[in-house]
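Structural characterization, general
Next come the chains, spelled out residue by residue.
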Amino acid sequence: MLAYVLTLGRLPLAAGFAVAVAFLADNGSISTNAAIALIALAITEELTDIFDGWAARRFGTVSQLGGILDPLVDSLARATIYFAVAWAQWITPVVPLVMIARDIIVAYTRIANAAVGAATSARISGKLKAIIQGGGIPVIIVL
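Figured I'd write up the structure that's included with this text. (Residues numbered from 1 in each chain as written. Predicted model: local features only at pLDDT ≥ 70, side-chain atom pairs only at ≥ 80, totals over all residues. Heavy atoms only, no water.)

For the coordinates displayed, the defined rule picks out 2 aromatic pairs. Between the aromatic rings of Trp54 and Phe59, the centroid separation amounts to 6.1 Å while the plane-to-plane angle is 80 degrees, which identifies the pairing as edge-to-face. By the ring-pair criterion, three or more aromatic residues cluster together here, those being Phe51, Trp54 and Phe59. (Phe/Tyr/Trp six-rings, centres within 6.5 Å; stacked < 30°, edge-to-face > 60°.)

Right under this line is the structure:
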């Protein structure tokens, strides 16, 4: 149950991040306190991604549904956050669009693999992508 709470908790955290950017970004600039708050929110959102899998394994609640929800929520949350920073003009809107295109391709590749009985589990490249995307938000805010 905790794993599901952590996974699904990323959605309101990402929405809160987007709303905070909308209210705090004044013509693309923010105060130091606002930057700290946004970084804290982004880190909290990313920590839920780390700990949901740990919680599922630790408490024996690993499930097929969790395996489906986790990457879906990851994609939705990160897209929300990256579109928010694009809205604030801190990055080009092409970045979240490329992220979404990649996630769609990966999703359909997994569907095709499942149809022929091939592996559909996450790969190290997906973990690396998550680290880069998750770590990119604080860097974007600071810069």
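Structure shown, so let's carry the discussion forward.
Let's shift gears to a nonpolar patch on the surface. Among the surface-exposed residues, Met1, Leu2, Val5, Ile43, Leu47, Ile50, Phe51, Trp54 and Phe59 lie close enough to one another that they form a single nonpolar patch of about 920 Å² accessible area. Looking at the nonpolar patch, the elements with two or more residues in it are helix 1 (2-24) and helix 2 (32-58). For the nonpolar patch, the element with the most residues is helix 2, which contributes 5 residues. Look at Ile50 and you get exposed, because its relative accessible area is 54%. (Patch = residues over 30% accessible without salt bridge, like charges linked within 9 Å, V, L, I, M, F, W, Y side chains within 5 Å. Areas by Shrake-Rupley, 256 points an atom, 1.4 Å probe, with all protein chains shown as cover. Salt bridge = Lys/Arg side-chain N within 4 Å of Asp/Glu carboxyl O. Helix = DSSP H or I, 4+ residues; strand = E, 2+ residues; numbered from the N terminus. Buried < 20%, exposed > 50% of the residue type's maximum accessible area, 1.4 Å probe, protein only.)

A few words on the layout of surface pockets. Roughly 1,600 Å³ of volume is contained in the largest pocket. Lining the largest pocket are 50 residues, and of these Gly67, Asp70, Pro71, Arg110 and Ala122 lie nearest its centre. Those elements that provide at least two residues to the lining of the largest pocket are helix 1, helix 2, helix 3 (64-87), helix 4 (94-115) and helix 5 (124-142). The element that contributes the greatest number of residues to the lining of the largest pocket is helix 3, accounting for 12 residues. In terms of residue class, the lining of the largest pocket is built from 21 nonpolar, 16 polar and 13 charged. (1 Å grid on protein atoms, 1.4 Å probe; cavity = no way out; pocket = protein on both sides within 12 Å on 5 of 7 lines; lining within 4 Å. Points joined across faces, edges and corners; volume = space filled by probe spheres on them. Nonpolar A, V, L, I, M, F, W, Y, C, P; charged D, E, K, R; others polar.)

Here the focus is the pattern of salt bridges. Applying the stated rule across the entire model yields 8 salt bridges. Between Asp103 and Arg102 there is a salt bridge, with the nearest N and O atoms lying 3.1 Å from each other. Taking the relative accessible area as the measure of exposure, Asp103 reaches 14% and is therefore buried.

As a further point, take the side chain of Gln133. Mapping Gln133 onto the fold places it in helix 5. Once residues lying within four places of it in the same chain are set aside, the contact partners of Gln133 are Arg78, Tyr82 and Met99. (Contact = heavy atoms within 4.5 Å.)

As a further point, take helix 3. The first and last C-alpha atoms of helix 3 sit 35 Å apart over 24 residues, in line with the 34 Å expected at 1.5 Å per residue. When helix 3 is considered as a whole, its buried residues turn out to be Leu69, Asp70, Val73, Asp74, Ala77, Arg78, Ala79, Ile81, Tyr82, Ala84, Val85 and Ala86. Looking at the buried residues of helix 3, the elements they touch are helix 1, helix 2, helix 4 and helix 5. Immediately downstream of helix 3, the backbone of Gln89 shows phi near 65 degrees, a positive value. (Expected span 1.5 Å × (residues − 1).)

Residue Gln89 is not a glycine yet carries a positive backbone phi of 65 degrees. Inspection of the secondary structure assignment puts Gln89 in the loop between helix 3 and helix 4. Judged by its relative accessible area of 69%, Gln89 is exposed.

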